[in-house]
Amino acid sequence: MVSQQLKDHIKKARRVAVLTGAGVSAESGVPTFRGEHGLWKKFRPEELANFDAFMRNPELVWEWYQYRRSLIYDIEPNPGHFALAKMENAFDEFSLITQNIDGLHQKAGSQRVIELHGNIRRNKCATCGEFHEDEIPITQKKVIKCHCGGLIRPDVVWFGEMLPVDAIRNAFEWAESCDIFFSVGTSAIVHPAAQLPITAKQAGIYVVEVNPDKTPITAYVDEHLQGPSGEILPEIIKFLE
Ligand code: OAD
């Protein structure tokens, strides 16, 4: 399944970057955003995942995020997450850039994770920005206030919001300077994350996509490993061990 060409690139690689999307968590039971069973089929994102919606109806948006937290609360990482955690130690330098907010990469043992879209397990004040990590229980029904009086919201990037500046800068630096770039389990349509594999390719880097389906970048990448990440990533790790 792992081509000789990829093996050769892996053997030579010193610096490796991986971009992940919702597909990596699909085998853990976390719904993806798009597609037949995607989350956005059931909810219209513009109604819930943006700042205006939160200010208009904070209780509704809070309740929706508490519901999503309850869905992922005791969910476990799958073999794809564990393979990525192992990859961190298999190369001299490694970076995992994720669009996922579920925290499963960290739960699987990955330590150097660049979170582009925040983390649903964390909260922050909508006014002063102070983080509120563990003190708010999953059972908290009503939105609560920070000591500054501002409303506490999930620390995730909503539609229309900027990505964390350091995270996105760091991600592009990796995309421009690694030896292999993997794009795993992402539909590669939400920018700026979707630009990362393209930037890597333009920089002359070997780009590999792992996805059961084709995406807008499939025709552009060097290799498309077609299948679920929970099967393909452990194959790559086997070869590294
Ligand atoms: P999507 O739901 O757009 O895409 C998930 C991708 O995973 C699809 O291309 C599927 O084919 C693929 N997939 C499904 N099962 C898989 C499996 N077992 N192994 C590997 N791949 C699989 O999710 P994202 O690309 O992550 O942003 O979406 C990007 C962003 O769109 C999200 O971070 C979110 C959303 O708007 C924000 O909320 C800011």
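The structure displayed is predicted, hence computed values, not measured ones.

## Here's the deal with the layout of surface pockets
Unoccupied space between atoms shows up once a probe the size of one water molecule is rolled over them. A volume near 930 Å³ is recorded for the largest pocket. Along the walls of the largest pocket sit 47 residues, with Ala22, Thr32, Phe33, Arg34 and Ser187 positioned nearest its centre. Secondary-structure elements contributing two or more residues to the lining of the largest pocket are helix H2 (23-26) and helix H6 (58-72). Broken down by element, the residue count for the lining of the largest pocket peaks at 3 residues, all from H2.

## Some thoughts on empty space enclosed by the protein
A complete count under the given rule lists 2 cavities of 30 Å³ or more for this structure. Each pocket or cavity is described by its volume, and for the largest cavity that value is around 190 Å³. Every residue lining the largest cavity is counted, 14 residues in all, and those nearest its centre are Val30, Pro31, Phe33, Arg68 and Ile101. The greatest single-element share of the lining of the largest cavity, amounting to 3 residues, is contributed by H6. Residue classes in the lining of the largest cavity are distributed as 9 nonpolar, 3 polar and 2 charged. Summarising the domain contributions, the lining of the largest cavity has at least three residues from each of domain 1 (4-30 + 76-117 + 162-240) and domain 2 (38-74 + 125-156).

## Observations regarding the sheet that holds strand S4 (residues 118-125)
Spatially, the 3 strands line up as an open sheet ordered S5-S4-S6, and their pairing is antiparallel. Edge positions in the sheet fall to strand S5 (131-132) and strand S6 (152-156), since each of these pairs with one other strand and no more. Two elements, S4 and S5, share 2 bridges in a ladder whose sense is antiparallel. From the neighbouring strand, Asn123 faces S5, where its bridge partner is His132.

Here is what the cut-offs are and how they apply
- Residues numbered from 1 in each chain as written.
- Predicted model: local features only at pLDDT ≥ 70, side-chain atom pairs only at ≥ 80, totals over all residues.
- Heavy atoms only, no water.
- 1 Å grid on protein atoms, 1.4 Å probe; cavity = no way out; pocket = protein on both sides within 12 Å on 5 of 7 lines; lining within 4 Å.
- Points joined across faces, edges and corners; volume = space filled by probe spheres on them.
- Helix = DSSP H or I, 4+ residues; strand = E, 2+ residues; numbered from the N terminus.
- Nonpolar A, V, L, I, M, F, W, Y, C, P; charged D, E, K, R; others polar.
- Domains from an automatic or database assignment.
- Pairing = 2+ DSSP bridges.

Functional significance is not addressed by these values, which are geometric in nature.
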